[in-house]
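# Close look at the chain arrangement
Take a look at the letters that make up each chain.
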Amino acid sequence: MKKIIAGITAHVDSGKTTLSEAMLYLSGEIRKPGRVDYGSSCLDTNIIERDRGITIFAHQASLTAGNTKITLLDTPGHVDFAAETERTMQVLDYAVLVISGTDGVQSHSETLWRLLEKYSIPVFIFVNKMDLPTADKGAVMEQLRKRLSPLCADFSGDSGSIAENAAACSEPLMEKYLDGDILSDEDIAAAVCKREVFPCCFGSALKSDGVTELLQILDKYTAEPVRYDDFGAKVFKISSDSKGNRLTFMKICGGTLRVRDELSYTSANGEKLREKVSSVRFYTGDKFRSAEAAFAGEICAVTGLTATCSGQGLGCESNSESAFLEPVMTYSAVIPQNINIYSALKDFRILEAEDPQLHILWNEQHREIHVQLMGTVQLEVLSRLIKQRFGYEVSFENGAVAYRETIAAAAEGVGHYEPLCHYAEVHLLLEPLERNSGLQFGVMCRDDDLDRNWQRLILTHLEEKTHKGILTGSPVTDMKISLVSGKAHLKHTEGGDFRQATYRAVRQGLRSAQSVLLEPYYNYTLEVPTECVGRAMTDIQNMHGSFSAPQQKDDMSELTGTAPVAELNGYQQILTGYTRGKGRLFCSPAGYRECHNADEVIARIGYDCDSDVENTADSVFCAHGAGFNVKWNEVQEYMHLPSVMKVSQPYEEEVHISSYRRAESFIDRAAEDKELMEIFQRTYGKINSDVRKAFKRVKKEPAPAKAPKLPVYTGPDYLLVDGYNIIFAWDELKAAAAESLDSARSQLINILCSYQGYKQCELILVFDAYKVRGGREKIEKYCNITIVYTKESETADSYIEKVTHQLSEKHRVRVATSDGLEQLIILGNGAMRISADEFHHEVREAEKAVKEYISTLNNRR
């Protein structure tokens, strides 16, 4: 017997729960179908659901249709609880979308359709209430094809008509059908699974008309998805039973989950946990049966897991993407005076874990709890839920829309945290994304520049925090934040240092960028008497909304469009007044758009980003043994790493110009320095002409100037060379050292003199003398380089570590070595390392550039 998980979803009052009851009754799972209006529904078990007559929480039941075992998930239909519906969709194999035969496709129906499309869920459509006199099958079918998908096919006839209608939607089926082949149930099921066909059924759930046919269609035209052998599960709901036990509802995607199995997972705050499953339960409404195991393709609830969260993947299953629907309203909670505010916050956090789209915000400064949710109905339910669960009454005030912030153009964010004995610097690239893309995080930093463990830690800190914008303090969105560079200290950096640097880098980037305020919008459907349509259109225009041409149906007209949530809130009361109760307004979330009255909103909220010390954009640097604060707009003058936003020439052009200029500069100076000229001629050969004439410049067009770069270091570049490491890494010097170490040293010194003349950097060549008894540190200037012989008991490694630490704050420092431990020390001190092989290649390229320049001089003769 095949197993599938099917969810039933619909616009509110379309008869979704009534259809679920009819399916359970006709399949023999319940003795009598319950009714929502009587409060006797098998699935709406919560007292709040029965009182209000709507589904608020997703509920589970099981039934059998033919050769198919169906796990049925009944989801909320009201727009305020759409987040619960979206979470449930993450575990569905198929969905049944219920459409009212009298109301047709409504605004929330289209939102649900987009969600189903996002999660690639095959859909069956059941058009309900066809027993009512105003229901029109042809008109609804036309509307389904126009507003949802042209692939909607009528499956209400016999097998022949079903095959014909399915073939009209799917090209592979059409080819087979035209060839005269019979379309099998498996062929049609495969097309349905690929979302090439959307079967449509018609009936009345209240009278059980057409429900048996729906069950038959689900049995014939569904296929069980491929399950894998390894254990994997997806959490979609957190709840609690009547005894207070925490329940984790999950879909077993692969393998088997048994009682007493140990599961390893990471909690929402990053803590790694390993916990044992205490029990496995299968629910039908509020009743359950216990089992020893749950198998692939089943929905179960388990106890024993204390920190799981909705959307979490267990085993080989990955975590879900961020939710499509976001809360649009913010309220302040008024807690009774006899209740400790921190105890209340703990209770709110429990509810937040059960419903992740219920955002709880804690304002430490004012000791206030703020909640973000979808609308007023959810607010009323939340108040009753707190009374029911925790025994005290809570009210809410100061309702306002939940704003968001983003940026208009890319910006770099720099955060530096260096109080005494601490060190971290982070550079982030902030880039705007398309509207309603959410936040994305990435890495563009090389492992050579910053150790991968530090990179992972920075990403964790980026994801763990709700980053506030600078205009109103609202969360930021529609942005990609990439780690582009960073710096650690080998001895002083701790994990908390990168947390501080990361938070400050995000904030500094936002301060440097042009911020944009966003507000939530609704898709709306407005039904008014035709004589009132002019008033409605005027109101929408005054709300800064948009609408399409009115559609007239009998004596009513329908307007559809989008408008700001802030303007549409409360409009139902106005609508009821001027239409004398005949007007109806349906809204569904349409994401965020640029705020239509940003200046007014910013002034009203009055957020001062400079006073928000918990979200500072400033950095901390260290000097003379003490840390000091640097304002966000001065950080680039102090930062230790170069900016990632500098403008530069194409790489090939820059290399060509710089190589030519360096060679030219080197030869000019060699002509003036007798000792340097001797080294030059030993390296590149004697020039058979007067040196002054050979090196005389020829007038030429000036090379294009390099684009300006932001100054980063105040002093010249430094290159430190580990002498013996290089000698024994380069084959030609290693061979010379086998005969005479002094000879190899001399060759290296001459090579580096030439290289320094080309590169124009401060070059320090370091030789070990730690085995020389009584040896003292010796520093000598030879030609254009500095040669250091270390003192007794001091290695070249330790000398280079000391010097790089001293120089790296004001100079760009590179170290040429292939010593693995020394490379770690170099990176910890902020210097850049270059391996012996890479350095050998650089030296050869420099020699090549000089020889090519000499060749051009000789050719001029």
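Residues numbered from 1 in each chain as written. Predicted model: local features only at pLDDT ≥ 70, side-chain atom pairs only at ≥ 80, totals over all residues. Heavy atoms only, no water.

### Points about the overall build of the protein chain
Within the protein chain, the regular secondary structure consists of 27 helices and 39 strands. In the protein chain, once contacts between residues fewer than 6 apart in sequence are set aside, the share between residues at least 24 apart is 71%. (Helix = DSSP H or I, 4+ residues; strand = E, 2+ residues; numbered from the N terminus. Contact = heavy atoms within 4.5 Å.)

### So, the nonpolar core
Counting residues in hydrophobic clusters, the biggest one holds 71 residues, and the most contacted among them are Phe348, Ile369, Val371, Phe396, Leu428, Tyr524 and Leu526. Not counting the four nearest positions on each side in its chain, Phe396 is found in contact with Tyr331, Ser332, Ala333, Phe348, Val371, Leu379, Leu382 and Ser383. Counting residues in each nonpolar core, the second largest holds 40 residues, with Phe126, Leu183, Leu214 and Tyr221 among its members. (Core = buried A, V, L, I, M, F, W, Y, C linked by side-chain atoms within 4.5 Å. Buried < 20%, exposed > 50% of the residue type's maximum accessible area, 1.4 Å probe, protein only.)

### A few points about the side chain of Glu275
Note on placement: Glu275 falls in strand S12 (residues 272–276). Lacking a salt bridge, the buried Glu275 has Arg246 as its closest oppositely charged neighbour, with an N-O distance of 6.8 Å. For Glu275, the side chain forms a polar contact with the side chain of Tyr265, separated by 2.4 Å. For Glu275, the contacting residues outside a window of four places in its chain are Asp261, Glu262, Leu263, Tyr265, Gly304, Leu305, Thr306 and Ala307. (Lys, Arg positive; Asp, Glu negative; His and termini not counted. Salt bridge = Lys/Arg side-chain N within 4 Å of Asp/Glu carboxyl O. Polar contact = N/O pair within 3.5 Å; in protein donor to acceptor, adjacent residues only side chain to side chain.)

### Let's talk about the packing of helix H14 (residues 533–542) against helix H16 (residues 571–578)
One way to put it is that H14 packs onto H16 with a least axis distance of 11 Å and a crossing angle of 160°. By the criterion of interaxial angle, the relationship of H14 to H16 is roughly antiparallel. For the pair H14 and H16, the crossing hand works out as right-handed. Across the interface between the two elements, Arg535, Ala536 and Asp539 from H14 touch Tyr571, Ile574 and Tyr578 from H16. (Axes fitted to C-alpha atoms, helices over the stretch in contact; angles between N-to-C directions. Parallel < 35°, antiparallel > 145°, perpendicular 65-115°, else oblique. Left-handed = near helix turned anticlockwise from the far one by under 90°.)

### Topic: the sheet that holds strand S38 (residues 813–816)
Read across the sheet, six strands follow the order S36-S37-S35-S34-S38-S39 without closing on themselves; strand pairing throughout is mixed. Each of the sheet's edge strands pairs with one partner strand only, and the pair in question is strand S36 (778–782) and strand S39 (832–834). Adjacent strand axes in the sheet meet at a mean angle of 20°, parallel and antiparallel pairs treated alike. Pairing analysis gives five bridges linking S36 to strand S37 (residues 785–789), with the strands arranged antiparallel. (Pairing = 2+ DSSP bridges.)

### Section: the packing of aromatic side chains
Summed over all chains, the structure comprises 16 aromatic pairs. Their ring planes at 35° and their centres at 6.4 Å tell us that Phe621 and Phe628 sit as a pair that is tilted. Overall, Phe621 belongs to the buried group, its relative accessible area being 2%. By relative accessible area, Phe628 is classed as partly exposed at 31%. (Phe/Tyr/Trp six-rings, centres within 6.5 Å; stacked < 30°, edge-to-face > 60°.)

### With respect to the state of the cysteines
Per the stated rule, a full pass over the model turns up zero disulfides. Cysteine Cys201 remains unbridged, with the sulfur of Cys200 as its closest cysteine sulfur at 7.4 Å. Cys201 gets classed as buried once you look at its relative accessible area, which sits at 3%. (Disulfide = S-S within 2.5 Å.)

### A look at the confidence of the model for the protein chain
Counting all residues, the mean pLDDT for the protein chain is 83, and 85% of those residues have values of 70 or more. Throughout residues 647–657 the model reports pLDDT below 50, and contacts reaching past four residues in sequence, or to other chains, amount to 16 contacts. Scored below 50 in pLDDT, residues 691–711 makes 38 contacts in the model with residues more than four places away or belonging to other chains. (pLDDT = per-residue confidence, 0-100.)

### Thoughts on the pattern of salt bridges
Enumeration over the complete set of coordinates arrives at 32 salt bridges. A salt bridge links Glu317 to Lys234; the shortest N-O distance between them is 3.8 Å. Placement of the pair is Glu317 in the loop between strand S17 (313–315) and strand S18 (329–334) and Lys234 in strand S8 (residues 232–240), with a sequence separation of 83 residues. Put simply, Arg511 and Asp610 hold a salt bridge, and the shortest N to O gap is 2.9 Å. Taken together, the residues span a long stretch of sequence, with Arg511 in helix H13 (residues 495–512) and Asp610 in the loop between helix H17 (598–605) and strand S32 (619–623) at a distance of 99 residues. In the salt-bridge network here, residues are joined through shared partners; they are Asp93, Glu224, Arg227 and Lys251.

### Some words on helix H6 (residues 159–167)
Those residues of H6 not exposed but buried are Ile162, Ala163, Ala166 and Ala167. Looking straight down H6, one finds its buried side chains confined to an arc of 130°; they lie on one side. Residues of H6 that are buried sit in contact with helix H7 (171–178) and helix H8 (185–193). (Arc of directions from axis to C-beta.)

### Observations regarding unusual backbone geometry
The backbone of Arg195 shows a phi angle near 60°, a positive value even though the residue is not glycine. Of note, Arg195 is situated in the loop between H8 and strand S7 (198–202). Accessibility expressed as a relative area gives 17% for Arg195, which makes it buried. Positive phi is not limited to glycine here, since Asp478 has a value of about 50°. The residue Asp478 is located in the loop between helix H12 (452–464) and strand S26 (479–488) in this model.

### Some details on the pairing of strand S22 (residues 404–407)
Neither face of S22 is exposed, since Arg404 and Thr406 on one face and Glu405 and Ile407 on the opposite face are all buried. Sheet analysis places S22 next to strand S27 (residues 515–529), joined by four bridges and oriented antiparallel. Bridge pairing links Glu405 to Leu517 in S27.

### What about the sheet that holds strand S14 (residues 287–291)?
Taken together, the six strands give an open sheet; going across it, the order is S14-S13-S16-S9-S8-S17, and neighbouring strands pair in antiparallel fashion. The sheet is open, and its two borders are formed by S14 and S17, each paired with just one other strand. Pairs of neighbouring strands in the sheet enclose a mean axial angle of 40°, with direction left out of account. Bridge count between strand S13 (residues 279–284) and strand S16 (residues 299–303): three bridges; the pairing is antiparallel. Of the residues in S16, the one forming a bridge with Arg281 is Ala301.

### Description of the pairing of S27
Of all 15 residues that make up S27, 15 are buried, and the element is covered over most of its length. Across nine bridges, S27 lies against strand S30 (residues 556–564) in antiparallel orientation. Within S30, the position partnered with Asn523 by the bridge is Thr562.

### Remarks on the environment of Ser240
Of note, Ser240 is situated in strand S8. By relative accessible area, Ser240 is classed as partly exposed at 25%. When the C-alpha positions of Ser240 and Thr303 are compared, they lie 9.3 Å apart, and in sequence the two are 63 residues distant. Contact partners of Ser240, with chain neighbours within four places excluded, come to Asn245, Leu247, Glu354 and Arg389.

### Let's talk about a negative patch on the surface
Together, Glu171, Glu175, Asp179 and Asp181 line one region of the surface with negative charge. Mapped onto the elements, Glu171 comes out in helix H7. (Patch = residues over 30% accessible without salt bridge, like charges linked within 9 Å, V, L, I, M, F, W, Y side chains within 5 Å. Areas by Shrake-Rupley, 256 points an atom, 1.4 Å probe, with all protein chains shown as cover. Charge placed at Lys NZ, Arg CZ, Asp CG, Glu CD.)

### With respect to the side chain of Ser149
One can find Ser149 in the loop between helix H5 (137–147) and strand S6 (152–154). Each residue touching Ser149, except ones within four places of it in the same chain, is listed here: Trp113, Leu144 and Phe198.

### With respect to the packing of H6 against H7
For the pair H6 and H7, the least separation of the axes is 7 Å and the interaxial angle reads 125°. For the element pair H6 / H7, the angle class is oblique. Here H6 contributes Glu164, Ala166 and Ala167 to the contact with H7, which in turn contributes Leu173, Met174 and Tyr177. Of the residues assigned to the contact of H6 with H7, the class counts are five nonpolar, no polar and one charged. (Nonpolar A, V, L, I, M, F, W, Y, C, P; charged D, E, K, R; others polar.)

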